[in-house]
Amino acid sequence: MSTLPAQPVPPFVFVRRRGDAPPREMVTGWDRLTDDGWSGSYEVELVCFTPLEIAGETEVPGARRPKLFTDPPIVIPGTSLKGMIRSVFELVAPGCYAVGSRNPDPPKGWHACSGAGGACPACRTFGSLKAAGGAYRGRVSIRDARPVDEASVARDPDSGRRWLYFGSPKWGAGLYPKQPGPWQKLYLHHPRLERLPGIDHGTDRQGEHQVHAVARGSRFAFTIAFSDLDDRQLALLDYSIELQPGLLHRLGHGKPYGMGSVQLVVTRRHVWPAAGKLRAGTGERDGLPPRAAELRKDLEQAPELEDFRRVALWRPDFDRPIGYPGRDARVSGPPRIDEIFPEPYAPAELAPPELAGGAAPARPVAQVRPTEEIHRGTVLNYRPGQQELEAVSTDGTRLGIARGSRTSSLLSELPDELRNRLKKKKTLRGVSVTVRVEGNEKTIVAIGPPDS
Ligand SMILES: [Zn+2]
């Protein structure tokens, strides 16, 4: 009798956001500093425990553009870091589902804050785009992360050679919770990178992306500034940045494959009274104020966060096979966390991995200096099947092309109305495009609405 192969563990599980529906409060004005608020900054180091690739946007003023790890200098956009930190904050605060894709079917009381009913702790801290009367910009700003020094970042040896499929099953598939609830999807950390069984890759690489990752062991540094947070907000922010010993964040592409397991280490914490400037004699000080430190300790011991701690713990020896169930498997909901990780969380000091790349972080192939061209009044064609955008001039000359994940980040730059029209009609006239020319390659790097 043959033995059945062990069922793979799916790459993600679901943990419950902490507590009851998020408490909402009216947002106080940006200009009014509270008497008991705190302002300050964090210096943070980011260490890659597995290869990392990001496509996001940098926050350089006036130059909002997608940034890929193919283009040196290698920078992790602050917006990506903010999303990562906010998702932990939302889990532990708890916060609303401001990012709808994290749970398209949240229970009553957990929907995105709308402004009229006040803002949840996450929206009060990080801001909200949906607040009544316009966007509320929040009290935390996060800068782009840059290599700690020239020797701290290396190319992953497989960079440019590895192709991965970035899709994952949609909500509602068998691996998702059956009951609506304040669920949050978390990816398991696993040290080995592999193709996932259960995904039909085929041979044409349809929907696959060429990965340009930095190597495990790469180190980046960045700054977080915050203004006028109360003790509780500060404790939540502090925890969402530097997790408990042994826990890692997830960032960027290829999470189901094990990419993007990163550790955040606070190298300097600077806190001072928000209204300090108005009072004479109040100094800055390092470390958390006592009340915030106490609240942070409560979070570290909160029993409701045990599932999160078990999932976020880095286990260098974890070797269960990871994969989606086969097409014919009958799946009745996500696996139990205490079955995958039966041991309770115990704090662990992590040894940062050796830098395992070698190649310089500079662009690996082309030596040609890229130039950028801006074309106005172009025709934009969208081919959803190929995940492709093509810009042509009115006489039909091809001006540039974008493929794969670049296509989706470009589409997200368009105002909703134009994006919907493009998706429906598959073509849009009068668009401005920025094209990066590199040898024979013409890549669309930015698109904008027609000039009025
Ligand atoms: Zn909210």
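Higher on the page you've got the structure.
Residues numbered from 1 in each chain as written. Predicted model: local features only at pLDDT ≥ 70, side-chain atom pairs only at ≥ 80, totals over all residues.

**Remarks on the overall build of the protein chain**
Inference 1: Secondary structure summary: the protein chain contains eight helices and 18 strands in total.
Inference 2: Counting all 452 residues of the protein chain, 38% fall into the buried class.
Inference 3: A sequence separation of at least 24 residues applies to 76% of the contacts in the protein chain between residues at least 6 apart. (Helix = DSSP H or I, 4+ residues; strand = E, 2+ residues; numbered from the N terminus. Buried ≥ 20, exposed ≤ 12 C-beta atoms within 10 Å, placed from the backbone. Contact = placed C-beta atoms within 7 Å.)

**A closer look at the packing of helix α3 (residues 231-241) against helix α4 (residues 290-301)**
Inference 1: Contact pair α3 / α4: the axes reach a minimum separation of 8 Å and the direction vectors enclose 50 degrees. The angle between α3 and α4 falls in the class oblique. The chirality of how α3 crosses α4 is right-handed. Across the interface between the two elements, D231, R232, L234, A235, D238 and Y239 from α3 touch R291, A292, L295, R296 and L299 from α4.
Inference 2: Here the residues of the contact of α3 with α4 are counted per class, giving six nonpolar, no polar and five charged. (Axes fitted to C-alpha atoms, helices over the stretch in contact; angles between N-to-C directions. Parallel < 35°, antiparallel > 145°, perpendicular 65-115°, else oblique. Left-handed = near helix turned anticlockwise from the far one by under 90°. Nonpolar A, V, L, I, M, F, W, Y, C, P; charged D, E, K, R; others polar.)

**Comments concerning unusual backbone geometry**
Inference 1: The residue after A93, namely P94, is reached through a cis peptide bond having omega -10 degrees.
Inference 2: Among the structural elements, P94 can be located in the loop between α1 (78-92) and α2 (121-126).
Inference 3: Its identity is not glycine, yet Q387 carries a phi of approximately 50 degrees, on the positive side.
Inference 4: In this structure, Q387 sits in the loop between β14 (371-383) and β15 (388-392).
Inference 5: Under the C-beta neighbour-count criterion, Q387 is labelled partly exposed, with 18 such atoms within 10 Å.
Inference 6: A positive phi angle is found at K426, which is not glycine, with a value near 70 degrees.
Inference 7: Relative to the assigned elements, K426 resides in the loop between α8 (416-425) and β17 (427-438).
Inference 8: Residue K426 is classed as exposed on the basis of its 12 C-beta neighbours within 10 Å.

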